[in-house]
Amino acid sequence: MVVKKTIVVENLKYRYPNTSKLALDSISFSVDEGQFVGIVGKNLAGKSTLCEALVGLVPHFYKGAYGGKVVVDGVEVLNSSIGEMARHIGIVFQNPFTQITAAKLTVYEEIAFGLENLGMDRVEMVKRIDYVLDLLGLYDFKDRNPFELSGGQMQRLAIAGIIAMKPTVIVLDEPTSQLDPQGSEEVFKAVQRLSKEGVTIVMVEQKMEKIAQYADKVMLISEGKMIDFDSPQKLFSREDLENFGVEPPVFTTIAKKLNVKDETTGLYPVTIDEARRLFSL
Amino acid sequence: MARALSLYVETNTFLQKLDPMVKLLYILLSILLPFLILPYRVVGLTFILISCLLLLYGKVFKKVLPLLGFSFLILISIVIIQGLFMQSNRTPAFTIDGLTFYKEGLLYAWTLCIRVLDVLLAFALLVLTTRPSDLIQSLVKRGLSPRFGYVLSSALQIIPQMMSEVGSIMDAQRSRGLETEGNLWTRLKAFVPLIGPVVMSSLLETRERAMALEVRGFSAIGKKTFLFDTEMTLLDKILEWVLGILLLISIIVRIVWL
Amino acid sequence: MNLVDVKNVSFAYSENNFVLQNISFSLQKGSVAIIGQNGSGKTTLVKLLKGLLKPKVGDVFIKGINTKDTTAAKLAKTVGLVFQNPNDQIFKNKVLDEVMFGPLNIGQSVDEARENALRALEIVSLTEKSQENPYDLSLSERKLISIASILSMNTDIVIFDEPTIAQDCWGKTRVKDIVRLLVSAGKLVITITHDMDFVGECFERVIVLNKGKLLLDGSAKDVFSQEDVLSAAYLEPPYITQLCHQLHYDEVFLSPESFISYYESHRQKKETNDAKH
């Protein structure tokens, strides 16, 4: 059976207006439907720019010089508007607070915002809102004012507002970086559920232990270039990782120092379960 | 936690369920009729009476009292100034402590008071019994630009949020040795370090929010729908027609009269 | 004399709704992490230490001075507090000016302030950005600038509110280095944080708050070995410590370095044992 490619990026180059350096430089890759992809790299490496290019904010919102091709769910981003792309791909940003529209007084109405913009039929709207409230565990908060939620709940609300629009792909740009551990855990659990529902996930994250635990594949980006795109085990086992400003999961770090590898694969452990198996004396 | 800026009181009377357009029409009538129809003062007083009765019925009369209290201060000063000093003052009415009040001035002040109270109460009726979002939505449905509608409704929530942010900015600057209390000069000097971060962070937030709105199809072409698309009830429609015809008749009457 | 004395402190924002109850501890120079889930009262406690809030019950003494007898602005000479969101404080359009703002406020001369500011920028590795506009820099760089703007005031006590949030691996390493540097310079460093790996690597003492009460107070090692108590407060020890627990080690480790040396010595022991048999 041929697996559908939900994202195909070919030789993508991009430069922000009034800058001289390429923010994205000759990036090519593809993602299978339903895959969970992690993106890692240091600050300003181009991770966020790549996310913005997937949803069409680059180039439609920022303008600037653009080359190459991004096709999501069969639609070429360059020939489509951000509004149209919303039916195919959604994005969740770092700051939960600024993703609240502020125009709605309840969680329930907040989720409807995107659906109203797409001109959706009201019966269908109500159905979808009920579905995402349940999927993201927000049912008990449906009548609350969005600003009265905790960070983790707000971020789940942002995800709900996107998922209600039924995109095939959801991009999350460091969604937990401003949350406490409980809030991050809530968000990771929610993303895991989406992944099980078959949504393709692209997630930028600084917490490598989490990426190792959840992602099927990890992409390493440095100075606008894609350095590697492989399984977490293979990618984090790279000996030159630190050169790109990325520290692997702590389990991998100690395994590298102690030279503890999985004998069959020749790779270092990346999760606590793998580490426990390899470190027991 | 800061809430949305709103004076809306949920009391579930028919006033709350009434279409906001009907209430807007009522405001229009209460402003125009006392100018168009003679006897002005009687018409104005009638509107004041109707508004008071409606406010009482809507269980929001108590909320108007502080507003009335404040406006009385201004109204009294109008009475005093016009009663004493209006140019066309001829006929003395009464004298207190050697100050003579004139009939013409008092009558003029009385007319002004009626108009002010009339408009004030009509607006109170709208503001106290209508959710701001409902009002904006019904305006958007009747052709107001959705962008402008968004700006109006988001401002109601973002302004209180900004106020709470000012609190943390104040803490941050005091922690760096900035005195925010004391004489006027100290307070003026503290202004820039306080307002700077407020402006910068709201600019940053506005940009982030603009992106978040875009990816939720804010600029999508095509007709928008509304989650709570309440149809106008029969009562709404009847009232809208009645008020509209009333307005039309009084304009015609006025023109014919002159 | 203790740098900080907190004596039977309780605090409520509104009548009888206490967010902190009967907290007492003393701090000398060194490093202390205050941990606890959201709503545990961490931020309130820090604001009390900084004099931004005054206790409803009990007293807070900073170098023997009761915070009730002074203002937050006056305390700025002794206590520096780095807020979580740098955007709440940055208002100058040049990095250097921003970092000089605090020193000038507490009465340093312009030359002195510039010297201290440049030294602080060097510590956070942003010397070459000193002439740039802070809002042209990334959020994590702005965070380091807000740290520098406190370090330049050269206070005996430095408090950090979530310094590792929104930092990449480079930024986190900077923050860890800064904490170690301050401790070795004889200062008291206090942090509130959710980042347990950061606590494990950099802090000697840990105070755990739960629902406004002091749950645990002790050395990092002691606190993190009490996994049951921590999980009741919805906290998890550092990943390394979790691994030690899962491997049923009788000793816990808080940093990769200590784990590595323990593992290596045991591996050698095991190898020599195996060789004997």
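Residues numbered from 1 in each chain as written. Chains lettered and ligands numbered in written order. Predicted model: local features only at pLDDT ≥ 70, side-chain atom pairs only at ≥ 80, totals over all residues. Heavy atoms only, no water.

## A word on the overall build of chain C
Each helix and strand counted, chain C has eleven helices and ten strands in total. Computed over the C-alpha atoms, the radius of gyration of chain C is 21 Å, within 12% of the 19 Å expected from 2.2 N^0.38 for a compact globule of 277 residues. Taken along the three principal axes of its C-alpha coordinates, chain C extends 75 × 50 × 35 Å. Counting only contacts in chain C whose residues sit at least 6 apart along the sequence, the fraction spanning at least 24 positions is 61%. When the accessible surface of chain C is totalled, it reaches about 11,500 Å², and 46% of it is carbon and sulfur. Side-chain charges of chain C comprise 31 positive and 35 negative groups, with the mean position of each set lying 5 Å from the other. (Helix = DSSP H or I, 4+ residues; strand = E, 2+ residues; numbered from the N terminus. Rg over C-alpha atoms; globule rule 2.2 N^0.38 Å. Contact = heavy atoms within 4.5 Å. Areas by Shrake-Rupley, 256 points an atom, 1.4 Å probe, with all protein chains shown as cover. Lys, Arg positive; Asp, Glu negative; His and termini not counted. Charge placed at Lys NZ, Arg CZ, Asp CG, Glu CD.)

## Re empty space enclosed by the protein
Over the atoms a probe the size of a water molecule is rolled, and this reveals where empty space is left. Tallied over the full model, the rule gives five cavities of 30 Å³ or more. By volume, the largest cavity is sized at about 350 Å³. Lining the largest cavity we find 21 residues, and of these Lys104 and Glu116 of chain A together with Gln137, Ser153 and Phe226 of chain B sit closest to its centre. At the level of secondary structure, the elements contributing two or more residues to the lining of the largest cavity comprise α4 (107-117) of chain A together with α6 (132-141) and α7 (146-175) of chain B. A per-element tally of the lining of the largest cavity places α6 of chain B first, with five residues. (1 Å grid on protein atoms, 1.4 Å probe; cavity = no way out; pocket = protein on both sides within 12 Å on 5 of 7 lines; lining within 4 Å. Points joined across faces, edges and corners; volume = space filled by probe spheres on them.)

## Some thoughts on the sheet that holds strand β6 (residues 89-92) of chain A
Residues and elements named next belong to chain A. The strand order across the open sheet formed by six strands is β6-β7-β8-β3-β9-β10, and the pairing between neighbours is mixed. The open sheet has two edge strands with one neighbour each: β6 and β10 (225-230). Ignoring which end each strand starts from, the neighbouring axes of this sheet average 15° apart. Pairing between strand β3 (residues 36-40) and strand β8 (residues 200-204): four bridges, direction parallel. (Pairing = 2+ DSSP bridges. Axes fitted to C-alpha atoms, helices over the stretch in contact; angles between N-to-C directions.)

## Structural notes on the nonpolar core
Ranked by internal contacts, the top residues of the largest apolar core, which has 98 residues, are Leu12, Phe29, Ile111, Ile159, Ile170, Val171 and Phe236 of chain A. When residues in this core are grouped by element, the largest group, seven residues, is from helix α6 (residues 151-163) of chain A. Setting aside its immediate chain neighbours within four residues, leucine 12 of chain A contacts Leu24, Asp25, Ser26, Ile27, Leu50, Ala53, Tyr66, Gly67, Gly68 and Val70 of chain A. Counting 47 residues, the second largest nonpolar core, distinct from the first, contains Ala33, Phe203, Val208 and Ala220 of chain C. (Core = buried A, V, L, I, M, F, W, Y, C linked by side-chain atoms within 4.5 Å. Buried < 20%, exposed > 50% of the residue type's maximum accessible area, 1.4 Å probe, protein only.)

## Section: the interface of chain A and chain B
With 43 residues of chain A at the interface, the matching set in chain B holds 32 residues. Summed over both sides, the interface between chain A and chain B buries roughly 3,400 Å², with carbon and sulfur atoms accounting for 60% of that surface. Taken together, the connections running from chain A to chain B amount to 15 residue pairs in polar contact (both at pLDDT 80 or more). Elements that contribute at least two residues to the side of chain A that touches chain B include exactly α1 (47-55), α3 (82-85), α4, α5 (122-135) and α6 of chain A. Considering each element in turn, the side of chain A that touches chain B owes the most residues, ten residues, to α4 of chain A. Taken together, the residues that form the side of chain A that touches chain B break down as 26 nonpolar, ten polar and seven charged. (Buried area = accessible area lost by both parts, 1.4 Å probe. Polar contact = N/O pair within 3.5 Å; in protein donor to acceptor, adjacent residues only side chain to side chain. Nonpolar A, V, L, I, M, F, W, Y, C, P; charged D, E, K, R; others polar.)

## Side note on the packing of helix α4 (residues 61-85) of chain B against helix α5 (residues 103-129) of chain B
All names here are of chain B. Following both chains from N to C, one finds α4 and α5 inclined at 160°, their axes separated by 9 Å at the closest point. When the interaxial angle is binned, α4 and α5 end up roughly antiparallel. Both α4 and α5 take part in a crossing whose hand is right-handed. On α5, the residues that touch Lys63, Val64, Leu67, Leu68, Ser71, Leu75, Ile78, Val79, Gln82 and Gly83 of α4 are Gly105, Leu106, Tyr108, Ala109, Leu112, Cys113, Val116, Leu117, Leu120, Leu121, Ala124 and Leu128. (Parallel < 35°, antiparallel > 145°, perpendicular 65-115°, else oblique. Left-handed = near helix turned anticlockwise from the far one by under 90°.)

## As for the interface of chain A and chain C
Residue-level contacts link 30 residues of chain A with 27 residues of chain C. Summing both partners gives a buried area of about 2,600 Å² for chain A against chain C, and 67% of it is carried by carbon and sulfur. Put simply, chain A and chain C have zero salt bridges between them. Counting every contact that joins chain A to chain C gives four residue pairs in polar contact (both at pLDDT 80 or more). For the side of chain A that touches chain C, the leading source of residues is helix α11 (residues 272-279) of chain A, giving six residues. Here the side of chain A that touches chain C is composed, by residue class, of 14 nonpolar, eight polar and eight charged. (Salt bridge = Lys/Arg side-chain N within 4 Å of Asp/Glu carboxyl O.)

## Some thoughts on the packing of α11 of chain A against helix α10 (residues 239-246) of chain C
As a packed pair, α11 of chain A and α10 of chain C sit with axes 10 Å apart at the nearest point and diverge in direction by 50°. Accordingly, the angle class assigned to the pair α11 of chain A and α10 of chain C is oblique. Between α11 of chain A and α10 of chain C lies a crossing of right-handed hand. On the side of α11 of chain A, the interface is formed by Ile272, Asp273, Ala275, Arg276 and Phe279 of chain A, while α10 of chain C contributes Tyr239, Gln242, Leu243 and Gln246 of chain C.

## Thoughts on the pattern of salt bridges
One side chain can pair with another of opposite charge once the charged atoms of both are near each other. Inspection of the entire model under this criterion finds 31 salt bridges over all chains. The closest approach of N and O atoms between lysine 225 of chain A and aspartate 25 of chain A, which form a salt bridge, is 3.3 Å. Of this pair, lysine 225 of chain A sits in strand β10 while aspartate 25 of chain A sits in strand β2 (residues 24-32), and the two are 200 residues apart along the sequence. What makes aspartate 25 of chain A buried here is its relative accessible area of 18%. Among the salt bridges present, the one from glutamate 240 of chain B reaches arginine 142 of chain B, with a minimum N-O distance of 3.8 Å. Of this pair, glutamate 240 of chain B sits in helix α10 (residues 234-257) while arginine 142 of chain B sits in the loop between α6 and α7, and the two are 98 residues apart along the sequence.

## Examining the sheet that holds β2 of chain A
Residue and element names in this part refer to chain A. An order of β2-β1-β4-β5 is seen for the four strands of this open sheet, with the pairing classed as antiparallel. One side of each edge strand has no neighbouring strand; the edge strands of this open sheet are β2 and β5 (75-76). Where strand β1 (residues 5-15) meets strand β4 (residues 65-72), seven bridges bridge the pair, whose relative direction is antiparallel. Bridge pairing links valine 8 to valine 71 in β4. This element, α1, spans β1, β2 and β4 of the sheet and lies at about 120° to β1.

## Some points on the confidence of the model for chain C
Residues and elements named next belong to chain C. Scored by pLDDT, chain C comes out at a mean of 93, with 100% of its residues at no less than 70. By mean pLDDT, helix α11 (residues 256-276) is the weakest element of chain C at 87, and strand β8 (residues 188-192) is the strongest at 97. Scored by ipTM, the complex comes to 0.89, with pTM at 0.85. (pLDDT = per-residue confidence, 0-100.)

## Let's talk about the packing of aromatic side chains
Under the criterion given, the structure shown has 22 aromatic pairs over all chains. With a centroid separation of 5.5 Å and 80° between ring planes, the pair formed by phenylalanine 61 of chain A and tyrosine 62 of chain A is classed as edge-to-face. Its relative accessible area of 26% is what places phenylalanine 61 of chain A among the partly exposed residues. For tyrosine 62 of chain A, a relative accessible area of 14% corresponds to the buried category. Relative to tyrosine 263 of chain C, the ring of phenylalanine 259 of chain C has its centre 6.0 Å away and its plane inclined at 15°; by these criteria the two rings are stacked. Note that phenylalanine 259 of chain C and tyrosine 263 of chain C are positioned in helix α11 at a spacing of four residues, about one turn of the helix. Relative accessible area serves as the criterion here: at 0%, phenylalanine 259 of chain C is assigned to the buried category. For tyrosine 263 of chain C, a relative accessible area of 4% corresponds to the buried category. The ring of phenylalanine 229 of chain A carries lysine 217 of chain A above its face, with NZ or CZ at 4.1 Å from the centroid. The side chain of arginine 115 of chain B reaches across the aromatic face of phenylalanine 35 of chain B, ending 3.9 Å from its centre. (Phe/Tyr/Trp six-rings, centres within 6.5 Å; stacked < 30°, edge-to-face > 60°. Lys NZ or Arg CZ within 6 Å of the ring centre and 35° of its normal.)

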